[in-house]
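What the coordinates show
Residues per chain, in single letters:
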2 protein chains.
Amino acid sequence: MQRLPTTLGLLAALLLSAQTEALAAAPAGAGPVLFKDAGPGSIRADYPLFAGERQRLEALVGAARRAGIDVPVPKDPGGGFSHEQHKRNYMALYGAGLLYRITGDGAYADYARRLLLEYAKLYPTLGPHPAASGDSPGRLFWQSLNDSVWLVYAIQGYDAIRDTLSAEDRQTIDDQVFRPMAAFLSEGQPQVFELIHNHATWACAAVGMTGYVLRDDELVARALNGLDKSGRTGFLRQVDQLFSPDGYYTEGPYYQRYALMPFVVFAQAIDANEPARKIFDYRDGVLLKAIRSTVQLSQGGYLFPLNDALRDKSLRTDELYQAIAIGYAATRDPAFLSVARWQGRTTLTPEGLLVARDLAEGKEQPFPFASRLFRDGPQGDRGAVAVLRAGPGERDQVLVVKNSAQGMGHGHFDKLGWMLYDEGAAVVTDYGSARFLNVESKDGGRYLKENQSWARQTVAHNTLVVNETSHFDGQWKVGEKTAPRQLFFSADGPTRVSTAEMDGAYPGVRFRRTLAQLTIEGLASPVVVDLLRVQGSKPAQYDRPLHYAGHLTAVGFPLQSNPAQRPVLGSANGYQHLWVDATGTPQAGNATLTWLNGQRFYTYRLLPPAGAKIILAESGANDPHFNLRREPVLIERLENATEATFVAVLEPHGLYDPDAETVSDSRSRIAALRHVRAADADVVSLELLDGRTLTLAIADDADAAKAHRAEIDGRPLAWSGHVGRFDEPAARETRSEMASRERR
Amino acid sequence: MQRLPTTLGLLAALLLSAQTEALAAAPAGAGPVLFKDAGPGSIRADYPLFAGERQRLEALVGAARRAGIDVPVPKDPGGGFSHEQHKRNYMALYGAGLLYRITGDGAYADYARRLLLEYAKLYPTLGPHPAASGDSPGRLFWQSLNDSVWLVYAIQGYDAIRDTLSAEDRQTIDDQVFRPMAAFLSEGQPQVFELIHNHATWACAAVGMTGYVLRDDELVARALNGLDKSGRTGFLRQVDQLFSPDGYYTEGPYYQRYALMPFVVFAQAIDANEPARKIFDYRDGVLLKAIRSTVQLSQGGYLFPLNDALRDKSLRTDELYQAIAIGYAATRDPAFLSVARWQGRTTLTPEGLLVARDLAEGKEQPFPFASRLFRDGPQGDRGAVAVLRAGPGERDQVLVVKNSAQGMGHGHFDKLGWMLYDEGAAVVTDYGSARFLNVESKDGGRYLKENQSWARQTVAHNTLVVNETSHFDGQWKVGEKTAPRQLFFSADGPTRVSTAEMDGAYPGVRFRRTLAQLTIEGLASPVVVDLLRVQGSKPAQYDRPLHYAGHLTAVGFPLQSNPAQRPVLGSANGYQHLWVDATGTPQAGNATLTWLNGQRFYTYRLLPPAGAKIILAESGANDPHFNLRREPVLIERLENATEATFVAVLEPHGLYDPDAETVSDSRSRIAALRHVRAADADVVSLELLDGRTLTLAIADDADAAKAHRAEIDGRPLAWSGHVGRFDEPAARETRSEMASRERR
């Protein structure tokens, strides 16, 4: 990851090369410190992305101006009028400021001035928000986080027009709006400001940028190094603590996207005002890594919905327009340009201008989506998110394994869980969060109580549940103490593997999981092998849920159905939300379920331990307010077990073509699945319908140098390292047998 | 609708203008009669759509040739190997024939010859298909319909290469394949061939085209006028009987699309061989009207899923590639070109060449989607499908009202039912059919038994159910006898209205329904008003279901929920498939339900008659094989009623923007809904939140000349004709009241 040292110089050259106009007479010391242009009206670029952005902001600010200045007394929770109006106001302020810089049109500056003077009347009168809940009430908004966001945007708008103000107006706005806000968000709420948490990052960015604009070193120092300036808290400490060495943010992709904006925007402000800090090189360039990893943690433009996350959250979001533009300006990595194209947006800043120009000049390169391990924790030793990709395309299969740490209060209890995308769709799913963001009728748009009772619980995920309780008994602060161990990760070639182990999610229970993505010649998409070994200290009930998307088309074993009265599966920890459609007790030979998703079939094939049963269920029980989506899940259940090995294979196959009205390969291409336990390894073998056999040997030891031996069906296997793979062609006679079987 | 009389002449000119090569020496009388080119190898066009089609067919035929000739003994039902292989074979034959004509490459002709010689060995040995079910077994396929389809494609392929064969091969194939097939499909199954039904149309087309190719006038005469050549049955009678004067096919859009292909392909063959018949002018050009109406009966490219229909069926289907190309060649209507562009496909025929050329030359015009009434029945007097469109775009709102006749055996019991598309999505839905086409594990891909027990039943639709029984007691042959009456249809301006009446769906019950689509200034999308009046002869239970798509976000009235044990709503006629989530007894002021679909909110606002209750339910009960999709429905229920008026309004509003994380107008913009019954009219009035009032007066009489008077809230109304609309601006004081209410 390289960074061009001369970013600012190049920006300046770009700007000077733009058509310039007479600089407005700026009062000494009042000019912009965040927006480095050649003076108001100096940017006149017509690159489509930039021109589009300008039009959009002109429309937004125009509408705000036409609606008239409206600074209501704070009253409503998320989605309510006062909430939305204050959001509209910060966007209008931000937009008016940028448009003033670009166009030089003083009307924008005047509008911003008048709006801020209204805030100068209102703000000093405010106490805690009347609709506040939780321990961090805001003043303009129900939670102070939104106040920080308001300030991050508004200070940028203010910076852009501050040099147009009379000294009196400037002082009024400095002293009645921005200084008290910065005070409130820092010393006024140490319980937020001193956290190592994204809420605190927003607060630090808001306070620090305000410090630069107001030329207030004290605010900047607080923002960088905490209220006591010791460095124990503050922005730099957050950069140290909240990102792993791979640029992974511990709360997961959804909040990484959100957190990224104050990190990169404040970093940009630091770089502009204190270039000697070399903030983009800080910690081996971790902020730039964080931008890239956010993009890597998405598929088809949508972020993996791990932890509290909305499934509809994509890279098309303000935070990432900023991050991509700032990242591009800092690196000139042409892969960022293809992200900007997908976004269809950029920022109306010198960095956005660079993006728009270089995109227009055809410098774009595809973003290099690849299999990657994203280690978690400041030292990279608190687990990881493993991403295995069959290819870089948005329809290529992606296996996401969540071996990361708890992720703080928004973390879900899903150690060693997984999800799968295939053909551009999520096929093994994560519910995400139970929330309708900003929909007032849904608890004011906040997290719903079903987020706690369902979405965070282990049974709502694709991992082991012991005795119908969640990992760490559902207590995130306990979960923070213990992370999984990523034992092995290999992303090369046709056999991509992640192995991790979790000890401590349940007392006395250790479990280890290998998930492998196997590319097999002749099969449309890779096959996923799941090997989950559990070692407990006393007999318990083990559940392995699989949440899938699609419509069941075939079940290989007999079911006992509940067609007219569906019981609820359990009473707590998420189980109270599951209706039981049917149960069955499959044998090794018939433990298959096939569903159709889009145009592809998926067969999940298990090797159930003796006595295991399958529960087919659906979410939506005990949900009187219709807060949950209703989605299917299948649960493999083993009762009264101490040690157990769960083996399963998920196989995409076939094509359902509604246009041509043809269907091919609606049945699995796998004839049999076998598993044997060797002395120091597990061996999983797939026999394909065409007679080929594919064997995966997984040693207990992850040491790359160690040699292993095992035997399956009388055949000896020998390999070195954690994983061995053995592909055998079909025997001649078997092939013809298979051919006739296919016709049967 | 104009048709160019010189189609064939123009085609010939086009083809002669193409680069020509030496004509292959064609034996006298053996040359193509269906494919009018200038000889093999004479078509060398590089227009993208045509070149793409050629590549596609080359790939398809290439794969078939590489796989080797495989003509299996018929054995499997839909989706099974022999079924799919015979389908592959007819496509390969068809493709090889066309490619031979285009390329002049004799290898294609030879492949077709060898494949047909295999059929010549197999076919004479065949009796009824071993997996047959129903009363029309095929020989190659489980139902003879598929045999007809095989023949329609294969005869075209054969026609294209027949002049390359030795006299001996030609006679072998004529006599061992095509003549016996034509005999089987006509005199061999009079119970199909003499129907007035799409299965018979396929059979007639197959037999008639075979007649032209074999120069067998007897087969042609049978195809056109029935086995006895009286005209009592046969193709011409089918054209008379199966389309209405508006080109509506009585089974509905899904089967219209399917039926269209034999109609247009055979018509094209008739036109080529017997131009004096002027088949495209027959019955005022009804075949061309039928092509256009098929397209009109779609939204966003997907056919309205009325009757037995798959929701995923679009205009991208072989039948419509053929129909659009043939329709374009016959009319040069440039609107067909935009359909072809959406399809991304055409036919590899002279007609497809025309389409590809004119599309490449930029002659395309948008298809003129518009509000239209599609009358049903040969005389246009058996009801209608009313389509009300807010605009021609694919995101414009479309209201579809099903006032058509039963539609034979694939008809659903849903007189006066409706559905709605808004913002490109179905919001008030029709389940379509319960079927997984060609998915072998789902009953061989046939209609599932849930198609009868759920999908066809009245409660699965958006119309009146009396005493939990379906219209006509669920007997389609009874339903065939009685059609609704379309009393009024007006598609002009901002007030688009359909009124229809049904008498005889239930003994002693008559019901009349007005559905109006009202464009209201300032509202994003039109509001739908539903007025349903029922007159019964004795007390009964009336249910008005509304099947909606989306997630409930707000319910205005208290609910009694069934959170942990959901009862099944009833025991038969579809009610056995509904789980009851909750019930409630709303008042006039609070009878609202709001859901979110995509980025828009929808509020359904009722005026429940006294004592009416609302049932919130979901499909999926008594479905042990997971054959049903699980979808929500709300049912307005009135017990022990004789006369009743049901009034409701469906209002799209607001925006949920997950990218910007903003929500606007998540609450309804309507403050109140009122209804009064006047002497000879119903008056429905909407008060908007901004104080405006909008009143719709609907007279019992549809006479355009008659004058009416009514009064609401002391205000007199006067209008002429069936519908009057009265928009009143907000009073000054009301507006400010409303403004403050908005802020509340």
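Quick caveat: nothing in here was measured; it's all calculated off a predicted structure. (Residues numbered from 1 in each chain as written. Chains lettered and ligands numbered in written order. Predicted model: local features only at pLDDT ≥ 70, side-chain atom pairs only at ≥ 80, totals over all residues. Heavy atoms only, no water.)

What to know about the overall build of chain A
Stated formally: Helix and strand assignments follow DSSP, with helices taken as H or I runs no shorter than four residues and strands as E runs no shorter than two, numbered in order from the N terminus. For the radius of gyration, the atom set is restricted to C-alpha positions; the globular benchmark scales as 2.2 Å times the number of residues to the power 0.38. Only protein chains enter the area calculation, which uses a 1.4 Å probe; residues under 20% of their type maximum are buried, those over 50% are exposed, and those in between are partly exposed. Here, residues are in contact when the closest pair of their heavy atoms is within 4.5 Å. The sign given to each residue is positive for Lys and Arg and negative for Asp and Glu; His and the chain ends receive no count. Each charge is placed at NZ for Lys, CZ for Arg, CG for Asp and CD for Glu.
Helix and strand counts for chain A stand at 18 helices and 27 strands. Scaling as 2.2 N^0.38, a compact globule of 744 residues should have a C-alpha radius of gyration of about 27 Å, and chain A matches this with 28 Å. Counting only C-alpha atoms, chain A reaches 90 × 55 × 50 Å along its principal axes. Each of the 744 residues in chain A was classed as buried or not, and the buried ones make up 63%. A separation threshold of at least 6 residues defines the contact pool for chain A, and within that pool the share at least 24 residues apart is 67%. For chain A, the centre of its 80 positive side-chain charges and the centre of its 87 negative side-chain charges are spaced 0 Å apart.

Re the side chain of H577 of chain B
Residues and elements named next belong to chain B. Operational definition: What qualifies as a polar contact is a pair of N or O atoms within 3.5 Å, subject to a donor-acceptor requirement within protein and to the restriction that residues adjacent in sequence count only when both atoms come from side chains.
Its location among the elements puts H577 in the loop between β14 (560-561) and β15 (578-584). Among the polar contacts listed, one links the side chain of H577 to the backbone oxygen of N622, at a separation of 3.4 Å. With residues up to four places along the chain from it excluded, the contact list for H577 reads E450, S453, W454, E618, S619, G620, A621, N622 and L628.

Digging into the nonpolar core
Rules: Residue types Ala, Val, Leu, Ile, Met, Phe, Trp, Tyr and Cys, when buried and joined through side-chain atoms within 4.5 Å, form a set referred to as a nonpolar core.
W150, Y158, F178, F235 and F266 of chain A are the most contacted members of the largest nonpolar core, which has 129 residues in total. When residues no more than four places from it in sequence are discounted, the contact partners of F235 of chain A are T201, C204, A223, L224, P262, F263, F266, A267, I270 and I279 of chain A.

Comments concerning the UniProt feature "domain: Exo-oligoalginate lyase C-terminal" (unreviewed entry) in chain A
The cut-off we apply is this: UniProt positions are given in the numbering used here, feature names are shortened, and annotations may be inferred rather than shown by experiment.
When the UniProt feature table is mapped to this numbering, "domain: Exo-oligoalginate lyase C-terminal" (unreviewed entry) covers residues 690-721 of chain A. As annotated, residues 690-721 of chain A has a helix share of 0% and a strand share of 59%, and its two end C-alpha atoms lie 29 Å apart.

Some points on the pairing of strand β9 (residues 485-490) of chain A
Both faces of the sheet carry side chains from a regular strand, because those side chains alternate between them. Residue and element names in this part refer to chain A. As a reminder, the rule being used: Any two strands between which DSSP finds at least two bridges are classified as paired.
Sheet topology places β9 next to strand β10 (residues 495-506); 5 bridges connect them, and they run antiparallel. By the bridge assignment for β10, F489 is matched with S498. The antiparallel hairpin formed by β9 and β10 contains 4 residues in its connecting segment, where G493 sits at a positive phi of about 70°.

Quick notes on the domain arrangement of chain A
All names here are of chain A. Stated formally: Domain delimitation follows an automatic or database domain assignment. As a working definition, buried area equals the accessible area (1.4 Å probe) given up by two parts on being put together, with both sides summed. Any carboxyl oxygen of Asp or Glu within 4 Å of a side-chain nitrogen of Lys or Arg constitutes a salt bridge here.
The domain boundaries assigned to chain A delineate domain 1 (68-230), domain 2 (378-663) and domain 3 (669-744). Each of domain 2 and domain 3 has a C-alpha centre, and the two are 25 Å apart. Contact with domain 2, which involves 27 residues of that partner, is made by 21 residues of domain 3. Regarding the contact of domain 2 and domain 3, the summed buried area is about 1900 Å², with carbon and sulfur atoms giving 70% of it. At the junction of domain 2 with domain 3, the criterion picks out 2 salt bridges. In this structure, the salt-bridge partner of R533 is D682, at a minimum N-O distance of 3.4 Å. Taken together, the elements giving at least two residues each to the side of domain 2 that touches domain 3 come down to β9, β10, β11 (509-518), β12 (527-547), β17 (600-607) and β19 (632-653). Ranked by residue count, the leading element in the side of domain 2 that touches domain 3 is β19, at 6 residues.

Considerations on unusual backbone geometry
All names here are of chain A. Located in the positive-phi region is K229, a residue other than glycine, with phi close to 60°. Positive phi, close to 65°, is recorded for L416, a residue that is not glycine. With respect to the helices and strands, L416 occurs in the loop between β5 (398-404) and β6 (417-422). By relative accessible area, which is 0% here, L416 ends up buried.

Considerations on the UniProt feature "domain: Alginate lyase" (unreviewed entry) in chain A
Those residues carrying the UniProt feature "domain: Alginate lyase" (unreviewed entry) are residues 93-296 of chain A in this numbering. Across residues 93-296 of chain A, helical content stands at 68% and strand content at 0%; the span's end C-alpha atoms are separated by 32 Å.

Quick word on the relation of the copies chain A and chain B
The test is simple: To line up the copies, we fit them by least squares on C-alpha atoms, keeping just the residues with pLDDT of at least 70 in both.
Laying chain A over chain B is done by rotating through 180° and shifting 0.0 Å along the axis; what remains is an RMSD of 0.1 Å. The transformation just described matches what one would write down for a two-fold rotation axis. Same-surface contact between copies: 100% of interface residues of chain A are shared with the interface of chain B.

Describing the sheet that holds strand β4 (residues 383-389) of chain B
Residues and elements named next belong to chain B. Put simply, the rule is: Lines fitted to C-alpha atoms define the axes, with helix axes restricted to the stretch in contact, and inter-axis angles between N-to-C directions lie between 0 and 180 degrees.
Across the sheet, which stays open at both edges, the 5 strands sit in the order β3-β4-β5-β6-β7 with antiparallel pairing between neighbours. The sheet terminates laterally at β3 (372-375) and β7 (425-428), the two strands that pair on one side only. Mean inter-strand twist for the sheet, computed between neighbouring axes without regard to direction, equals 20°. By the bridge criterion, 3 bridges tie strand β6 (residues 417-422) to β7 in an arrangement that is antiparallel. Counted as the bridge partner of D422 is A425 from β7.

Here we look at the interface of chain A and chain B
Definition in use: The classification used treats Ala, Val, Leu, Ile, Met, Phe, Trp, Tyr, Cys and Pro as nonpolar, Asp, Glu, Lys and Arg as charged, and all other residues, Gly among them, as polar.
At the junction of the two partners, chain A supplies 59 residues and chain B supplies 59 residues. Taking both sides of the interface into account, the surface hidden between chain A and chain B amounts to around 4800 Å²; carbon and sulfur atoms contribute 49%. In this structure, the salt-bridge partner of E661 of chain A is K313 of chain B, at a minimum N-O distance of 2.9 Å. Taken together, the connections running from chain A to chain B amount to 26 residue pairs in polar contact (both at pLDDT 80 or more). Looking at the side of chain A that touches chain B, the elements that each hand over two or more residues are α3 (81-103), α11 (253-273), β13 (551-555), β15 (578-584), β18 (613-619), β21 (662-664) and α18 (732-743) of chain A. Classifying every residue of the side of chain A that touches chain B gives 23 nonpolar, 13 polar and 23 charged.

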